[in-house]
Amino acid sequence: MRLIAVTKQVPTDAIREAYDAGIRDFGESKIQETAEKQSQLQDLPDINWHLIGHLQTNKAAKALEQFQWIHSLDNLKLATRLDRLAGELSFSPQVCLQVKILPDADKYGWSVPELLADLPELNKCQQIKIQGLMAIPPRGLDDSQLLDFFNSTRELADKINQQNLPQISMQQLSMGMSGDYHLAIQAGATMIRLGTTIFGSRIG
Ligand SMILES: *Cc1c(COP(=O)(O)O)cnc(C)c1O
């Protein structure tokens, strides 16, 4: 299991401390904020940067330069564009597809039927490495509903794997944040994304 330390709104000296403690996977949600931090942390070359926030299509090239992992790939148009740019720029990012297991007006991502319908097109992406799913539960679920939510995410990944699509391998489940990671792990999370638990509350 991989722990991703989410450093949005976290200053670089705290990132250095986490690095010194052995963390190498850091999650950020914005392109500009990441650029500023990366320029201050150039002496730490072996960090894996994970994009966990919505990516606007016009920032796809920037994202490819900044991130080894993109968890928040959330629509087919972006996937196609990212794949083409990745080929042109010779990057091969690892990506997760962001899915909405339950309807959620506040979030980006594929609904389950939309995702299943888009799989044949996603399977044409040769350059990006589709590795799994990211899911974020809607607000207000209790523990048993959260566990159901995370289990449904794992079941969806299994169902997709059964289609044996050569470009789509659902090995990774990016799920679980500070409030619910214990349940996500119980359901088979392979990557948990923790901010508050590691760095304390963010301002705003
Ligand atoms: C902010 C954020 C996290 C971390 O949230 P915490 O509750 O502070 O652990 C995880 N995933 C995503 C997508 C986020 O935006």
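Going by the structure above, here's the rest.
The structure reproduced in this document is the subject of the present report. (Residues numbered from 1 in each chain as written. Predicted model: local features only at pLDDT ≥ 70, side-chain atom pairs only at ≥ 80, totals over all residues. Heavy atoms only, no water.)

### Quick word on the overall build of the protein chain
Looking only at helices and strands, the protein chain features eight helices and nine strands. Relative to the globule expectation of 17 Å for 204 residues, the C-alpha radius of gyration of the protein chain, 16 Å, shows essentially globular dimensions. Based on the C-alpha atoms only, the size of the protein chain along its principal axes is roughly 45 × 45 × 30 Å. For the protein chain, the proportion of contacts with a sequence separation of at least 24, taken over those separated by at least 6, is 61%. Roughly 9800 Å² of accessible area belongs to the protein chain as shown, and the carbon and sulfur atoms make up 48% of that amount. Averaging the locations of the 20 positively and 24 negatively charged side chains of the protein chain gives two centres separated by 4 Å. (Helix = DSSP H or I, 4+ residues; strand = E, 2+ residues; numbered from the N terminus. Rg over C-alpha atoms; globule rule 2.2 N^0.38 Å. Contact = heavy atoms within 4.5 Å. Areas by Shrake-Rupley, 256 points an atom, 1.4 Å probe, with all protein chains shown as cover. Lys, Arg positive; Asp, Glu negative; His and termini not counted. Charge placed at Lys NZ, Arg CZ, Asp CG, Glu CD.)

### Considering the site of the ligand
Every residue near the ligand is listed here: Val 6, Lys 8, Ile 52, Ile 136, Met 177, Ser 178, Arg 193, Leu 194, Gly 195, Thr 196 and Arg 202. Separating an oxygen atom of the ligand from a side-chain N or O atom of Lys 8 is a distance of 2.6 Å. According to the grid-proximity analysis, the pocket containing the ligand is the largest pocket. Residue composition of the shell around the ligand, by class: five nonpolar, three polar and three charged. (Near = heavy atom within 4 Å. Polar contact = N/O pair within 3.5 Å; in protein donor to acceptor, adjacent residues only side chain to side chain. 1 Å grid on protein atoms, 1.4 Å probe; cavity = no way out; pocket = protein on both sides within 12 Å on 5 of 7 lines; lining within 4 Å. Sits in = over half its atoms within 2 Å of the grid points. Nonpolar A, V, L, I, M, F, W, Y, C, P; charged D, E, K, R; others polar.)

### Some remarks on the layout of surface pockets
In this structure, the largest pocket spans a volume of roughly 680 Å³. Lining the largest pocket we find 22 residues, and of these Lys 8, Lys 107, Ile 136, Met 177 and Arg 193 sit closest to its centre. (Points joined across faces, edges and corners; volume = space filled by probe spheres on them.)

### Remarks on the packing of helix H5 (residues 112-122) against helix H6 (residues 143-161)
For any two helices packed against each other, the geometry comes down to the angle between their axes and how far apart the axes lie. One can describe the packing of H5 onto H6 by two numbers: an axis separation of 12 Å at closest approach and a directional angle of 20°. The angle between H5 and H6 places the two elements in the roughly parallel class. The way H5 lies across H6 gives a crossing that is right-handed. In this structure, H5 uses Val 112, Leu 115, Leu 116 and Leu 119 to contact H6, whose residues at the interface are Leu 156, Lys 159 and Ile 160. (Axes fitted to C-alpha atoms, helices over the stretch in contact; angles between N-to-C directions. Parallel < 35°, antiparallel > 145°, perpendicular 65-115°, else oblique. Left-handed = near helix turned anticlockwise from the far one by under 90°.)

### Some words on the packing of aromatic side chains
Counted according to the given criterion, the structure contains two aromatic pairs. Arranged with centres 6.0 Å apart and planes meeting at 40°, the rings of Phe 26 and Trp 49 form a pair that is tilted. Taken together, the residues span a long stretch of sequence, with Phe 26 in strand S2 (residues 25-28) and Trp 49 in strand S3 (residues 48-51) at a distance of 23 residues. With respect to class, Phe 26 is no different from Trp 49; both count as buried. Considering the side-chain rings of Phe 149 and Phe 150, the 5.6 Å spacing of their centres and the 80° angle between planes classify their relative orientation as edge-to-face. Taken individually, Phe 149 and Phe 150 each receive the classification buried, so the pair is uniform in this respect. We note Arg 24 situated over the ring of Tyr 19; from NZ or CZ to the ring centre the distance is 3.5 Å. (Phe/Tyr/Trp six-rings, centres within 6.5 Å; stacked < 30°, edge-to-face > 60°. Buried < 20%, exposed > 50% of the residue type's maximum accessible area, 1.4 Å probe, protein only. Lys NZ or Arg CZ within 6 Å of the ring centre and 35° of its normal.)

### Some words on H5
Note on helix geometry: an α-helix contains 3.6 residues per turn, so any two residues three or four positions apart are oriented the same way. For H5, the set of buried residues is Leu 115, Asp 118, Leu 119 and Leu 122. Around the axis of H5, the buried residues are gathered within 140° of arc, so they sit on the same side. Facing away from the buried side of H5 by more than 90 degrees, the exposed set consists of Pro 113, Ala 117 and Pro 120. Packing partners of the buried residues in H5 comprise helix H4 (76-89), strand S5 (94-100), strand S6 (110-111), strand S7 (129-134), H6 and strand S8 (168-174). (Arc of directions from axis to C-beta.)

### Looking at the environment of Ser 90
Tracing the sequence through the fold places Ser 90 in the loop between H4 and S5. Residues Ser 90 and Gln 127, 37 residues apart in the sequence, show an inter-C-alpha distance of 8.5 Å.

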